[in-house]
Amino acid sequence: MSIKLSLERIRLLAQHLPSYSRPTVHVAGTNGKGSVTCMLSSIFLASGLTVGRFNSPHLVSVHDSILINEQSISLEQYNLSRAAVESADQAHGTEVTSFEKLTLVALQVFEKLGVDVVVIEVGMGGRLDATNYIPDESILLSALTTVDLDHQLFLGNTVELIAKEKASIARKNKPFVLGIQKYAAVENVVRSVVEQTGAHFIATHSAQRRAWDDTIDGPLPPTFSLDAESFRPPPPQPITFTSSAFPNSLSALLYLNGSHQVENLSLVLTVISTLMTHPSCASRMPSGFSERVLQNINTGIRNATWRGRLSFHSLMVSSPYPRAITVLVDGAHNRASSETLASYVSNLVTMLDGNPKVRTLRLTYILALSRSPPKTPKDTLSPLFDSQSSTRLSIQTKVAAVRFTSPEGMPWVNSVPPSVIAATVRESVSGIGLWVASDEGDIQGQLESALEWVTTEGTEEEDGVQELVIVAGSLYLVADFYRLLAKQEVNPS
């Protein structure tokens with residue numbers, strides 16, 4: 001089974017299942033969809049609503065893509081709904097794809113529980129994505145995050161064509177909120193699609209960064225440190241946002257890492273403002289929604305977390321001696337998201353550069369990629385190896401190239417051979433330390449072997465040295481990391 005974009009099968013099967021009626025926010029885009037959906041869900045939850053959320057792809061297990069109040073549904077809940085969907089599929093011969101089946105399972109869970117609001121992430125594109133079968137009357141609002149090049153075989157070879165596909169989730173007489181864009185041409189295409197659909201186009205209002213204010217934000221956090229034994233994360237980002245929906249300017253702290261998250265938050269806050277004020281939305285939100293949002297929105301922003309996207313973790317390693325290392329995991333899988341990761345790492349370097357006690361940064365990338373032509377490994381990886389902007393720090397960079405475990409229910413997803421990744425790295429930067437896993441044979445243990453290489457090469461303790469391991473290139477590799485982390489939490493050494 002492979003990717004077959006169509007709405008025919010899922011619409012046919014949906015006719016034989018309980019109808020879906022939950023108020024839904026539908027989010028498309030190339031990058032940022034997950035961050036936007038998790039912030040929206042967190043704000044809804046903080047405001048007292050029961051919330052369903054559906055993200056794809058799943059991370060560790062297929063059912064973790066379906067959440068109720070920010071918690072993955074149980075395997076029992078998943079299996080019950082899946083059995084009902086599969087029974088109807090077999091009875092009526094609809095032969096839906098794996099993703100269409102998963103979409104229906106999620107929506108059946110949300111409908112059965114009667115949640116107040118649902119936040120749905122588009123799987124791929126928009127126009128023909130399985131999530132776009134949701135009835136018009138259930139859609140509160142559609143939103144589009146940053147559009148860039150990805151999945152060109154399915155969506156088109158230009159950002160204009162891709163934007164057209166993604167904007168086609170717009171619904172007649174419903175708001176469509178466009179996020180901040182990298183390419184000016186995207187807005188023109190989206191406006192045209194939205195107008196032809198009869199939806200209401202709304203441009204995102206920008207949140208602004210502001211200076212830290214002790215009276216609002218409390219005391220500044222301790223100085224950032226990568227030392228795993230006493231790790232101190234980068235400080236949250238203070239922002240301000242003005243909207244007619246809020247009686248006063250909103251001042252909040254954004255804990256999601258990366259300057260790009262300010263743009264994602266801008267879209268989120270514009271969506272929330274629209275839900276509070278647009279007639280087609282306000283009438284469908286629970287009573288007192290606006291008042292509860294005003295009281296709790298800061299809490300919702302602060303509580304938002306998004307695993308696998310610029311997420312820091314501490315991992316225990318045993319070689320050459322037991323110790324903890326700091327790991328940054330990020331699902332960067334295309335050029336735009338790699339540029340975002342590279343920019344964030346550069347900011348970390350700048351922060352460390354301002355600490356006179358730190359002289360050296362040992363930076364190791366553990367990388368895997370999925371095959372997705374016409375995207376090439378060089379397209380994705382080259383931004384990671386641009387020169388760092390440090391004027392004082394000595395930066396020692398290494399790379400390990402591995403494969404990832406095949407994701408459940410997605411047999412068409414395959415790793416780029418590690419030898420190809422290694423060749424791309426050599427082409428991008430010279431004189432770099434490399435460890436290359438096997439292109440063939442058993443994938444199990446490749447991540448662990450890479451971590452062992454990282455921690456046995458030049459790990460003698462020295463004053464003024466900090467170390468960071470970055471696991472990136474594919475969400476499927478990030479999933480392997482979380483499985484390893486879960487083993488440690490269950491069986492601590």
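Model, not experiment: these values are computed from the prediction. For every chain, the first residue of the written sequence is number 1, and numbering continues from 1 onward in sequence order. The model is predicted, so local features are restricted to residues of pLDDT at least 70 and side-chain atom pairs to those at 80 or more, both for listing and for counting; the totals for chains, interfaces and linings are taken over all residues. Neither water nor hydrogens contribute to the side-chain values; these are computed over all heavy atoms in the structure.

1. Some remarks on the overall build of the protein chain
Okay, step 1: Within the protein chain, the secondary structure is distributed over 16 helices and 17 strands.
Okay, step 2: With the C-alpha coordinates aligned to their principal axes, the bounding extent of the protein chain is approximately 60 × 55 × 45 Å.
Okay, step 3: In this description, contact between two residues means that some pair of their heavy atoms is separated by no more than 4.5 Å. Contacts in the protein chain between residues at least 24 apart in sequence constitute 76% of all its contacts with a sequence separation of at least 6.
Okay, step 4: Throughout, the Shrake-Rupley method with a 1.4 Å probe supplies accessible areas, and for residues the shown protein chains are the sole cover considered. Of the accessible surface of the protein chain, which amounts to about 20,500 Å², a share of 50% is contributed by carbon and sulfur atoms.
Okay, step 5: Charge centroids of the protein chain, computed over 39 positive and 47 negative side chains, lie 4 Å from each other. Only DSSP runs of H or I with at least four residues qualify as helices, and only runs of E with at least two residues qualify as strands; both kinds are numbered from the N terminus onward. Only four residue types enter the charge count: Lys and Arg as positive, Asp and Glu as negative, with His and the chain ends excluded. Lysine's charge is taken at NZ, arginine's at CZ, aspartate's at CG and glutamate's at CD.

2. With respect to the sheet that holds strand E10 (residues 237-241)
Okay, step 1: The criterion for strand pairing is that DSSP finds at least two bridges linking the strands in question. Within the open sheet, the 3 strands sit side by side as E9-E10-E11. Their pairing is antiparallel. Each having just a single partner strand, strand E9 (208-209) and strand E11 (250-254) make up the two edges of the open sheet.
Okay, step 2: Sitting on the sheet, helix H9 (residues 260-277) is in contact with E9, E10 and E11, with an inclination near 35° to E10. Every angle, taken between N-to-C directions, lies between 0 and 180 degrees, and every axis is a line fitted to C-alpha atoms, over only the stretch in contact when it is a helix.

3. Concerning empty space enclosed by the protein
Okay, step 1: Cavity means a closed set of points on a 1 Å grid over the protein atoms alone, one where a 1.4 Å probe fits but cannot get out, pocket means an open set with protein on both sides within 12 Å along at least 5 of 7 lines, and lining means a residue has an atom within 4 Å of a point. Grid points are joined across faces, edges and corners, and a volume is the space filled by probe spheres set on the points. In total, this model carries 2 cavities of 30 Å³ or more according to the counting rule given.
Okay, step 2: In this structure, the largest cavity spans a volume of roughly 40 Å³.
Okay, step 3: When residues are grouped by polarity, Ala, Val, Leu, Ile, Met, Phe, Trp, Tyr, Cys and Pro land in nonpolar, Asp, Glu, Lys and Arg in charged, and all others, Gly among them, in polar. Here the lining of the largest cavity is composed, by residue class, of 3 nonpolar, 4 polar and 1 charged.
Okay, step 4: Looking at the second largest cavity, its volume works out to about 30 Å³.
Okay, step 5: The wall of the second largest cavity is formed by His 58, Leu 59, Thr 405, Pro 407, Glu 408, Tyr 476, Ala 479, Asp 480 and Arg 483.

4. Remarks on the pattern of salt bridges
Oppositely charged side chains may form a pair once their charged atoms are brought near each other.
Okay, step 1: When a carboxyl oxygen of Asp or Glu is within 4 Å of a side-chain nitrogen of Lys or Arg, the pair counts as a salt bridge. Counted under the stated rule, the structure contains 16 salt bridges.
Okay, step 2: Residues Glu 165 and Arg 127 are paired through a salt bridge, measuring 3.1 Å at the closest nitrogen-oxygen approach. Here the residue Glu 165 occupies a position in helix H6 (residues 159-167), and Arg 127 occupies one in the loop between strand E5 (117-121) and strand E6 (139-144), the gap between them amounting to 38 residues.
Okay, step 3: Between Glu 467 and Arg 323 there is a salt bridge, with the nearest N and O atoms lying 3.1 Å from each other. Of this pair, Glu 467 sits in strand E17 (residues 465-472) while Arg 323 sits in strand E13 (residues 323-329), and the two are 144 residues apart along the sequence.
Okay, step 4: Think of it in three bands: residues with accessible area under 20% of the maximum for their type are buried, residues over 50% are exposed, and the middle band is partly exposed, with areas taken using a 1.4 Å probe on protein chains only. The class for Glu 467 is buried, based on a relative accessible area of 18%.
Okay, step 5: Here the salt bridges share partners, and the residues they tie into one network are Asp 148, Lys 182, Arg 335 and Glu 339.

5. Considerations on unusual backbone geometry
Okay, step 1: Cis peptide bonds are those with omega within 30 degrees of zero, and the linkage from Ser 56 to Pro 57 qualifies with -5°.
Okay, step 2: As for its placement among the helices and strands, Pro 57 is situated in the loop between strand E2 (51-54) and strand E3 (66-68).
Okay, step 3: Geometrically, the link from Pro 373 to Pro 374 is a cis peptide bond, its omega value of 10° lying close to zero.
Okay, step 4: Among the secondary structure elements, Pro 374 is positioned in the loop between strand E14 (360-367) and helix H13 (377-381).
Okay, step 5: A positive phi angle, near 55°, is found at Glu 95, a position not held by glycine.

6. Examining the packing of helix H2 (residues 33-46) against H9
Okay, step 1: As a packed pair, H2 and H9 sit with axes 9 Å apart at the nearest point and diverge in direction by 45°. In terms of axis orientation, H2 runs oblique to H9. Regarding H2 and H9, the two cross each other, and that crossing is right-handed. In this structure, H2 contributes Ser 35, Val 36, Met 39, Leu 40, Ile 43 and Phe 44 to the contact, and H9 contributes Gln 261, Asn 264, Leu 265, Leu 267, Val 268, Val 271, Ile 272 and Leu 275.
Okay, step 2: Residue composition of the contact of H2 with H9, by class: 11 nonpolar, 3 polar and no charged. An angle below 35 degrees is treated as roughly parallel, one above 145 as roughly antiparallel, one from 65 to 115 as roughly perpendicular, and anything else as oblique. If you view the pair so one helix is near and one far, a crossing is left-handed when the near helix is turned anticlockwise from the far one by less than a right angle, and right-handed when it is turned clockwise.

7. Some remarks on H2
The periodicity of an α-helix, 3.6 residues per turn, causes residues three or four positions apart to be oriented the same way.
Okay, step 1: By this rule the span expected of a helix is its residue count minus one, scaled by 1.5 Å. End to end, H2 covers 20 Å across 14 residues, agreeing with the expected 20 Å (1.5 Å per residue, within 8%).
Okay, step 2: Of the positions making up H2, those classed as buried are Lys 33, Gly 34, Ser 35, Val 36, Thr 37, Cys 38, Met 39, Leu 40, Ser 41, Ser 42, Ile 43 and Phe 44.
Okay, step 3: Looking at the buried side of H2, the elements it contacts are strand E1 (24-28), E2, E5, E11, H9 and helix H11 (289-303).
Okay, step 4: Downstream of H2 by one or two residues, Gly 48 has phi in the positive range, about 90°.

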